[in-house]
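Now for the letters of each chain:
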Amino acid sequence: MRRFDEDMNMFRYIIESKEIIEDYVVYNISSEFGKGNITSHNVMPGIEVTYNNFQIYKPLSESFNLSVDSLEINYCLEGYLESEFANKKIVYMGDGDVSIFGYKTGVVLADFTTKHYKGVTVMVYIDEASKSIGNMMGVSEDEVKGLIKASFNADTCIVNHASESLEHIFKEIFVLPEKYKDYFLKIKVVELLLYILGNSDYKIREKTYFPRFFVDKIKDARRIIVSDIDRHITIKELSDRVGINSTDLQKGFKEVYQCTIYAYLKTYRMKKARELLMKEELTIAHIANLVGYTNNSKFSKAFKEEFGICPSKYRISNR
C-alpha cells in the first residue's frame, strides 16, 4: 500500500480511479470535482514523489492524516494554491514557489480552484527515509535523521519563492528521461534533500501569512471590481469600501491574485469582451463600452495585448 493511499484524505475522495502502470500509479480526478491526474512514484522506502497535473473545481477541506514524522516538499511549476491552517492563517503559492510542511502543520484547506495546477510533491517519511538515504550514501541512519531534525521541526511551515538553484533541481525532476527514470529520481530527490539541508537561501523573504478576515476583505474587493466592470473605481474608493488601507489592499491583492488590481481588472474585462464578441448583434463599440472603454482604439489595443489578435479579427475567426 502506498502512503498516498493511506495519508492523503484531502485528495482521496476526489479520486475516481487509479491505474497501476509498471512501477508507478496514476490517480485520475473524478469529473465531478475536476480533471487531470496525480502520478505517484515510490522512489525508495520512505520517499514518494507525486507529479500533480490537474484543475480542481472545489476547495479541498479534508485534513491530511499523517501519523508519523514526515516532511512534505511542494514545488508549483504553474498554477495557484491557497492553503489555510488550523489557526485561520492563509498563505499562497504561485508559479515557481516552494513549500515545506511538517506533519503537525495542520493544513485544513487547500484551494486549487483559481488555475490549472502543475507541480511536484516529495513526501519524506523521516524514519524510513533516513535509513534509505543512509544506505545510499554510506552513512548511518542516525546521522541522516539528525541532519533533518536539526533543520526542520514537526510543525515546520515554510512557503517562499524557490531560489535559482532549488528551481533548477525541481525543473529537472519534470524532464527526467523515461529510461532509468527511477534511478534518476533517487539521485534528484537526494540532491534536493541535501540542498535544503545545506542551504537557507529559500527561507529568505518568506511569504506573508494572512488572517482569514483580511483575505475575505481582499476577495470582497475583487467582487466589487468585477461586478460592475464598465465603471472606473479608484484604489482609495475601493479601500474605503472594504475597510482596509490602500497599501494593505494593493499588497494583499497582489499576493492573493498574483497581479495588481488594475492588471486583474484589465484581464477580466478582456475575457468578458471575448465572450461578448460571440454575440453578433453587439457592435465592437458597444462591447468596448460594456467593459469600461470609451475609446475604441484603446479597447482594441488592450484586447490585442491580451489575446494577440484585434477584436474584429477575433470575431471573424470565431464565427
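Just so we're clear, the structure is a prediction, and the values are computed from it rather than from any experiment.

**Looking at the overall build of the chain**
Point 1. What the chain contains, in helices and strands, is 13 helices and 12 strands.
Point 2. Its C-alpha atoms put the chain at 70 × 45 × 35 Å along the principal axes.
Point 3. Taken across its 319 residues, the chain has 48% of its residues classed as buried.
Point 4. Expressed as a percentage of contacts within the chain between residues at least 6 apart in sequence, the contacts between residues at least 24 apart total 66%.
Point 5. If you sum the accessible surface of the chain, you get close to 16000 Å²; carbon and sulfur atoms cover 50% of it.

**Quick word on the layout of surface pockets**
Point 1. In this structure, the largest pocket encloses a volume near 350 Å³.
Point 2. For the largest pocket, the lining is made up of 14 residues, of which T114, Y264, T267, Y268 and K271 are closest to its centre.
Point 3. The biggest single contributor to the lining of the largest pocket is helix α10 (residues 261-276), with eight residues.
Point 4. Taken as a whole, the second largest pocket spans an internal volume of roughly 190 Å³.
Point 5. Every residue along the wall of the second largest pocket is listed here: Y24, N37, T39, H41, Y51, N52, N53, K118, G119, F174, E178 and K181.
Point 6. Elements that contribute at least two residues to the lining of the second largest pocket include exactly β3 (34-44), β4 (47-56) and β10 (117-125).
Point 7. Its residues assigned to classes, the lining of the second largest pocket comprises three nonpolar, six polar and three charged.

**Considering a nonpolar patch on the surface**
Point 1. The grouping of M136, M137, V139, Y180, Y183, F184, I187 and L194 at the surface amounts to a nonpolar patch, some 780 Å² of accessible area in total.
Point 2. It is helix α6 (residues 181-198) that provides the largest number of residues to the nonpolar patch, a total of four residues.
Point 3. With respect to the secondary-structure elements, Y180 resides in the loop between α5 (164-174) and α6.

**Comments concerning the side chain of N160**
Point 1. Among the structural elements, N160 can be located in strand β11 (residues 157-161).
Point 2. According to the relative accessible area criterion, N160 is buried, its value standing at 5%.
Point 3. The contact partners of N160, leaving out residues within four places of it in the chain, are D97, V98, Y202, K203, I204, R205, E206 and K207.

**So, the sheet that holds β3**
Point 1. Taken in spatial order, the eight strands of this open sheet run β1-β2-β3-β4-β10-β5-β8-β11, and their pairing is antiparallel. This sheet does not close on itself; its edge strands, each paired only once, are β1 (15-21) and β11. Across the sheet, the mean angle from the axis of one strand to that of its neighbour is 15°, orientation sign disregarded.
Point 2. With eight bridges joining them, β4 and β10 adopt antiparallel strand pairing. Across the sheet, I47 pairs through a bridge with V124, a residue of β10.
Point 3. Set on the sheet, helix α3 (residues 126-137) makes contact with β3, β4, β5 (70-78) and β10; between it and β10 the angle comes to about 85°.
Point 4. Packed on one face of the sheet, α6 meets β3, β4, β5, β8 (97-102) and β10 and runs near 85° to β3.

**Looking at the pattern of salt bridges**
Point 1. All chains considered together, the criterion is met by 18 salt bridges.
Point 2. The salt bridge partner of R223 is D220, with a shortest N-O separation of 2.2 Å. Linking R223 with D220, this pair stays in helix α7 (residues 212-227), spanning three residues, or about one helical turn.
Point 3. On the accessibility criterion, R223 (46% relative accessible area) is partly exposed.

**What to know about unusual backbone geometry**
Point 1. The phi torsion at Y180 lies on the positive side, around 65°, for a residue other than glycine.
Point 2. In this structure, Q258 takes a positive phi of about 65° despite not being glycine.
Point 3. By secondary structure assignment, the location of Q258 is in the loop between α9 (246-257) and α10.

**Concerning the sheet that holds strand β9 (residues 107-111)**
Point 1. With antiparallel pairing, four strands are arranged side by side in an open sheet as β9-β6-β7-β12. Each edge of the open sheet carries a strand with a single partner, namely β9 and β12 (210-211).
Point 2. Looking at chain direction, strand β6 (residues 81-85) and β9 are connected through four bridges and run antiparallel. Counterpart to E82 in the pairing with β9 is D111.

**A word on the packing of aromatic side chains**
Point 1. According to the stated counting rule, one finds 19 aromatic pairs in the structure shown.
Point 2. Taking the centre distance of 5.9 Å and the plane angle of 75° together, the rings of Y51 and F174 count as edge-to-face. Of the two residues, Y51 is situated in strand β4 and F174 in helix α5; the sequence distance between them amounts to 123 residues.
Point 3. An aromatic cluster of at least three residues, connected via ring pairs, comprises Y293, F299, F303, F307 and Y314.
Point 4. Sitting over the ring of Y51, K181 keeps its end group 4.7 Å from the ring centre.

Conventions adopted
- Residues numbered from 1 in each chain as written.
- Predicted model: local features only at pLDDT ≥ 70, side-chain atom pairs only at ≥ 80, totals over all residues.
- Heavy atoms only, no water.
- Helix = DSSP H or I, 4+ residues; strand = E, 2+ residues; numbered from the N terminus.
- Buried < 20%, exposed > 50% of the residue type's maximum accessible area, 1.4 Å probe, protein only.
- Contact = heavy atoms within 4.5 Å.
- Areas by Shrake-Rupley, 256 points an atom, 1.4 Å probe, with all protein chains shown as cover.
- 1 Å grid on protein atoms, 1.4 Å probe; cavity = no way out; pocket = protein on both sides within 12 Å on 5 of 7 lines; lining within 4 Å.
- Points joined across faces, edges and corners; volume = space filled by probe spheres on them.
- Nonpolar A, V, L, I, M, F, W, Y, C, P; charged D, E, K, R; others polar.
- Patch = residues over 30% accessible without salt bridge, like charges linked within 9 Å, V, L, I, M, F, W, Y side chains within 5 Å.
- Salt bridge = Lys/Arg side-chain N within 4 Å of Asp/Glu carboxyl O.
- Pairing = 2+ DSSP bridges.
- Axes fitted to C-alpha atoms, helices over the stretch in contact; angles between N-to-C directions.
- Phe/Tyr/Trp six-rings, centres within 6.5 Å; stacked < 30°, edge-to-face > 60°.
- Lys NZ or Arg CZ within 6 Å of the ring centre and 35° of its normal.

Any functional reading would require information beyond the geometric quantities listed.
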